[in-house]
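Chain by chain, the residues run as shown.
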Amino acid sequence: MKILLVAGGELDIDVLKNAYNGLDNPYVIGIDRGTLILLENGIKIDRAIGDFDSVTDEEREGILSKLDFEKLNPVKDDTDTEHALKYAISLAPEEIIMLGCTGRRMDHSLACVGMLRLAYDAGIEAYIIDRYNRIRVARGEVQLSASECYGKYISILPYGDKARGLSIKGFKYNAEGLDITAAETRGVSNELIEEVGCISCDDYMIIMETRD
């Protein structure tokens, strides 16, 4: 099973449709206002999750009358997206794609990137995708194929304070046993020049495939 999570951030409809069609009948979870976006685009929703405080009363009633939903208390210790991601992880899928998780609210964007580690630690591939980026959290070795990269630029950032033992092969700028801190930009805007590139790190890292 593959899961598509759609939150209420900025969302390109073409990206939504491509992700949905590319996953071959995924289990779809609408998160708060993301549920409304799915309904407006005729995408079948398997479950709706959220406190639905970002929609109007009329929209909320429409959502709750049509769907299998979990309505959350707006006063809680996590975000709707974290709650939905944990539910998705509990289903033990092969892959999770998260849309609508980036945008003008940088606090929400950074929090969503951080919570990708929850899926990684559960042994599940998970990505945040928007019009310009595909983002994952990983540790150990990751291979990237030039024919499958989301964009021209590959950036590697420490997940925490430091990424130790970072090795990069098959790229314009290679490295071996590099340590970089969160205050440095050395891992930003690299380019894959071989058909397959290899990235490895002793610590958790954020890998971003980015297009202009």
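For the structure itself, look to the data block above.
Because the structure is predicted, anything quoted here is derived from the model rather than measured. (Residues numbered from 1 in each chain as written. Predicted model: local features only at pLDDT ≥ 70, side-chain atom pairs only at ≥ 80, totals over all residues. Heavy atoms only, no water.)

1. Some words on the overall build of the chain
Right, so step 1: When helices and strands are counted, the chain shows five helices and 12 strands.
Right, so step 2: The C-alpha atoms of the chain give a radius of gyration of 18 Å, which matches the 17 Å a tight globule of 212 residues would have.
Right, so step 3: When its C-alpha atoms are laid out on the principal axes, the chain stretches across 55 × 35 × 30 Å.
Right, so step 4: Put simply, the chain has 212 residues, and 49% of those count as buried.
Right, so step 5: Sequence-distant contacts, at least 24 apart, represent 60% of the contacts inside the chain between residues at least 6 apart.
Right, so step 6: As displayed, the chain has an accessible area near 10,800 Å², and 45% of this comes from carbon and sulfur atoms. (Helix = DSSP H or I, 4+ residues; strand = E, 2+ residues; numbered from the N terminus. Rg over C-alpha atoms; globule rule 2.2 N^0.38 Å. Buried < 20%, exposed > 50% of the residue type's maximum accessible area, 1.4 Å probe, protein only. Contact = heavy atoms within 4.5 Å. Areas by Shrake-Rupley, 256 points an atom, 1.4 Å probe, with all protein chains shown as cover.)

2. What to know about helix H5 (residues 106–121)
Right, so step 1: In a regular helix each residue adds 1.5 Å, so 16 residues correspond to 22 Å; H5 covers 24 Å between its end C-alpha atoms and thus fits that length.
Right, so step 2: Among the residues of H5, Ser109, Cys112, Val113, Met115, Leu116 and Ala119 are the ones counted as buried.
Right, so step 3: Where H5 is buried, its residues touch helix H4 (80–90), strand S5 (95–99), strand S6 (125–129), strand S7 (133–145) and strand S12 (196–210).
Right, so step 4: Within two residues after H5, Gly123 carries a phi angle of roughly 80°, on the positive side. (Expected span 1.5 Å × (residues − 1).)

3. Concerning the environment of Ile45
Right, so step 1: By secondary structure assignment, the location of Ile45 is in the loop between helix H2 (33–40) and strand S3 (47–50).
Right, so step 2: Distance from Ile45 to Val28, taken between C-alpha atoms, is 5.1 Å for residues 17 residues apart in sequence.

4. Notes on the environment of Tyr173
Right, so step 1: Structurally, Tyr173 is set in the loop between strand S9 (162–169) and strand S10 (175–181).
Right, so step 2: Counting along the chain gives 14 residues from Tyr173 to Gly187, while the straight-line C-alpha distance between them is 9.2 Å.
Right, so step 3: When near neighbours in sequence (up to four residues on either side) are disregarded, Tyr173 contacts Ile168 and Asn190.

5. Considerations on the pairing of strand S1 (residues 2–6)
Right, so step 1: Within S1, four of the five residues are buried, which leaves it mostly tucked inside the rest of the structure.
Right, so step 2: Where S1 lies against S5, five bridges are found, and the strand directions are parallel. From the neighbouring strand, Leu4 faces S5, where its bridge partner is Ile97.
Right, so step 3: Relative to strand S2 (residues 27–31), S1 runs parallel, the two sharing four bridges. Across the sheet, residue Ile3 finds its bridge partner in S2, namely Tyr27.
Right, so step 4: What joins S1 to S2 is helix H1 (residues 13–22), and the crossover it makes is right-handed. (Pairing = 2+ DSSP bridges. Right-handed = clockwise from strand over helix to strand, strands pointing away.)

6. Description of the pattern of salt bridges
Right, so step 1: Here the structure, examined in full by the defined rule, presents 10 salt bridges.
Right, so step 2: With a shortest N-O distance of 3.6 Å, Arg104 and Glu10 are connected by a salt bridge. Taken together, the residues Arg104 in the loop between S5 and H5 and Glu10 in the loop between S1 and H1 connect sequence positions 94 residues apart.
Right, so step 3: By relative accessible area, Arg104 is classed as exposed at 77%.
Right, so step 4: Take Glu10: its relative accessible area is 46%, and that puts it in the partly exposed class.
Right, so step 5: For Arg117, the salt bridge goes to Asp121, with nearest N and O atoms at 3.2 Å. Here Arg117 pairs with Asp121, and both are found in helix H5, just four residues apart, close to one helical turn.
Right, so step 6: Judged by relative accessible area, Arg117 falls into the partly exposed class, the value being 30%. (Salt bridge = Lys/Arg side-chain N within 4 Å of Asp/Glu carboxyl O.)

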